[in-house]
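Report on the structure
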Amino acid sequence: MRVFVEKLVVLSTIWISLFQGWMVQSVEYDHTASIEASDCLRDPMKPLYNGGIIQNGEFNSGLMGWSTRRDFKAGVSSSPSGNKFAVVQRVASLSGADAAAAPSHSVYQKIRLQTDTHYSLSAWLQVSAGTAHVKAFVMSPSGERVVAGSVSAQSGCWNMLKGGMTSYSSGHGEIFFESDAPVDIWVDSVSLQPFTFDEWDAHRLRSADKARRSTVRVVARGTDGAPMANATVIIELLRAGFPFGNTLTKEILDIPAYEKWFTSRFTVATFENEMKWYSTEWTQNNEDYRVADAMLKLAQKYNIKVRGHNVFWNDQNSQMKWVRPLNLNQLKAAMQKRLKSVVTRYAGKVIHWDVVNENLHFNYFESKLGPNASPQIYQQVGQIDHNAILFMNEFNTLEQPGDPNPVPSKYIAKMKLIRGYPGNGGLKLGVGLESHFSTPNIPYMRSALDTLAQLKLPMWLTEVDVVKGPNQVKYLEQVLREGYGHSSVNGMIMWAAWHAKGCYVMCLTDNNFKNLPVGNLVDKLIAEWKTHKTTATTDADGAIMLDLPHGEYNLTVSHPSLGTKISIHAMTVGASSLEHQINIKG
C-alpha cells in the first residue's frame, strides 16, 4: 500500500514579538496533504499541528472532549495495529423512511473560536460501507453551520479531509462531520489550527517569495576576462515569468484602445467564446474560424500565449440545436469532425486545451457515449497535439466546499480515470480551477490547492472572478494573492472579458478603457509582482547580488573602460538560477 504525501514545509515554531512586549507562539502553515494511490491508508497519519485546538484528536483517551447527538451511539474502536478512532452508529429510534432521510453524524467537540482568525482543518475519515460524501462543519458563534470541507470517504481505509474556514467573531462553536448517506462515520486524527490574518498573510508572502523569486549573483567581466569592478548595471524586466492574464473577446479586433489596454498588461489569454464549438459551427457543416484566427494572430503579435477553450463542453444546455437530436453514430461523426478540425488547426499555437469542459458537474457526452467518453476524448486530442497541456477545467473545486460534485477527492478520482485509461499514461495533463467566487473561503482554497497539488500536474486558476458587491475588490485581492502565493499554482487567468453592454460578473475597465477599482487592483498586483532593483554597481569582484522575480531580463552594463559604449545581455531568471556571467566582448 502506498500513499502520496508531500511535506512542503517542516512544522516549526517561530516567535513574534508584539508591540506590548508579549510573546505569542505562531505555527508555520503545513501544506501536507494526502491522496490515495492503488489503496487508501489502513491507518491515518498523525494529526497536523498535533491537533491544534482540538482536544484528544486521536481518541487515545477514549471520547474525552467529544460528545454524541441524540439517536446516535458513539464508541472508540481499535485497528489491528492498535490505532484508536471514534465510531458513531445510529440507534433504533429512527427507522424506515425517517432513518434514510436523517443525516449521519460523527462525534462533535465544542471549541472556542477567535475574532478575525483563519482555521486550517484536517481529519481522517472512513465509513462503515461503500463510499459516502462526508462534510466537515464548523458551527460559528452565531450558530451558522459553515461547511469547511468534504471528501468521498470509503470503507476499509482512511481518507484525508483537508479544509478550513474563517471566524469573524469570538465565542463558542462546534466541529463535527456529517453525511446524507445512511452510514456510520469513523473519525481520527482531527486538527483545527488557528492563524491570525497577519500570520496567514506572512506565510503566504514567504511562500510567494520562495516560489516566484530567486537571488542571482551576476558577475561582469571585461574584454580581458578580469572582473569589472564599479560597473553600473541596469536591470530591465522584459517579461514576467509567472503567467497572468485575462479573457479576451472579439471586440478587441475593432477597438485600438481595447487592444492597447489588454496587451500592455497580460501575457496569457483565453478567448471567452470564440473557439467554442457553438462559435465555430453554429450551423452543421458550416465551420467558420475567421474570428478565432484573427484573435490568435493579434495575440501572437504581442507574444501573448493562448489557452484553447474549449474542445467540448459537457453541459447539455451548451450544445447546438442540431447536435441534440443526433443518434449515436451521427454524434460520434460530428464530434470527430469537431475534434480534428479545431485541434489540428490550433495545434502548436495554443499552450493548453480545456478538453471536456466541466465534466464533473455535467455528463452530456458520457450519457451518450458511455462512462469513458472523457478519457477517450483526451486521448484523441493528445494524439493530434503533442505539446499542449490537456486540462480538466472545473468550477467550485476551490469556491464552494459544499458543492458535492467537484470536491478535490472527486476531481482527483476523475483525473485518475482519465490518466489510467489504456493509452493515456503519456498524456500531458493539467489541473484547471475556474475560481468563480462570491465570498471566498480562503483557508479552504489553500487546503484544496494543497490536496490537488499531490497530483503532481501543472495547476492553473483559469477563470478567476468575484461577483459584484461592496467587497469585490477586497475578495479578488485575497483570491489572486492566495493563488500567486501557492507554489503549485503555475498561472492565473481572470474571467473579466470586456463587453460594451456589461461583463459576465466582473469588469476591469469602463467603456473608455479607464480602470475601474477592480482594474486598479490588478495593475497594483502586476506592478508589485514585478518589483525589483533597477540599477546596481558591481563590487571589487565584479559581482552584484540581485533578488529578482522570475522572468526574462536585459542587463545593460556601462563602465569607464567602455567609454560611451554600453553592453546589453539577456538573462532568464527561474527557480534554478544562481549565477549569471556577463562577458564583455571587444
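Quick caveat, the model's predicted, so the values are computed rather than measured. (Residues numbered from 1 in each chain as written. Predicted model: local features only at pLDDT ≥ 70, side-chain atom pairs only at ≥ 80, totals over all residues. Heavy atoms only, no water.)

Evaluated as defined, the whole model comprises 1 disulfide. Here Cys503 pairs with Cys507 through a disulfide, and the sulfurs are 1.9 Å apart. Residues Cys503 and Cys507 are joined through a disulfide that is right-handed, its torsion about the S-S bond being 105°. Owing to a relative accessible area of 13%, Cys503 belongs among the buried residues under this scheme. (Disulfide = S-S within 2.5 Å. Buried < 20%, exposed > 50% of the residue type's maximum accessible area, 1.4 Å probe, protein only.)

All right, on to the side chain of Asn441 then. Tracing the sequence through the fold places Asn441 in the loop between strand E23 (436-437) and helix H10 (442-452). Note on Asn441: relative accessible area 12%, which makes it buried. At 2.9 Å, the side chain of Asn441 and the backbone oxygen of Gly164 are in polar contact. There is a polar contact of 3.0 Å between the side chain of Asn441 and the backbone nitrogen of Tyr444. Dropping the residues within four chain positions of it, Asn441 is found in contact with Val147, Gly164, Met165 and Pro401. (Helix = DSSP H or I, 4+ residues; strand = E, 2+ residues; numbered from the N terminus. Polar contact = N/O pair within 3.5 Å; in protein donor to acceptor, adjacent residues only side chain to side chain. Contact = heavy atoms within 4.5 Å.)

So, about the sheet that holds strand E15 (residues 213-221). With respect to topology, 3 strands assemble into an open sheet ordered E27-E15-E30, the strand pairing being mixed. The open sheet has two edge strands, strand E27 (543-549) and strand E30 (579-583), and neither has a second partner. Taking each pair of neighbouring strands and ignoring which way they run, the sheet shows an average axis angle of 30°. Two strands pair when backbone bridges link them, and E15 and E30 are joined in this way by 5 bridges, in the parallel orientation. (Pairing = 2+ DSSP bridges. Axes fitted to C-alpha atoms, helices over the stretch in contact; angles between N-to-C directions.)

Glancing now at the packing of aromatic side chains. Applying the stated rule across the entire model yields 24 aromatic pairs. A centroid spacing of 5.0 Å and a plane angle of 80° characterise the contact between Phe242 and Tyr484, whose relative ring orientation is edge-to-face. Separated by 242 residues along the polypeptide, Phe242 in the loop between strand E16 (232-240) and strand E17 (244-248) and Tyr484 in helix H11 (residues 472-485) bring together distant segments of the chain. As far as burial versus exposure is concerned, Phe242 and Tyr484 are alike and both buried. One residue, Arg307, lies across the ring of Phe391, its end atom 4.9 Å from the ring centre. The side chain of Arg446 reaches across the aromatic face of Tyr29, ending 4.7 Å from its centre. (Phe/Tyr/Trp six-rings, centres within 6.5 Å; stacked < 30°, edge-to-face > 60°. Lys NZ or Arg CZ within 6 Å of the ring centre and 35° of its normal.)

Scored by pLDDT, the protein comes out at a mean of 93, with 93% of its residues at no less than 70. Scored below 50 in pLDDT, residues 1-24 shows 55 contacts in the model against residues more than four places distant or in partner chains. (pLDDT = per-residue confidence, 0-100.)

This part covers unusual backbone geometry. His309 connects to Asn310 through a cis peptide bond whose omega is -10°. With respect to the element layout, Asn310 can be found in strand E19 (residues 305-313). A positive phi angle, near 50°, is found at Ser189, a position not held by glycine. Relative to the elements of secondary structure, Ser189 occurs in strand E14 (residues 185-196). In this structure Ser189 comes out as buried when scored by relative accessible area, which is 2%.

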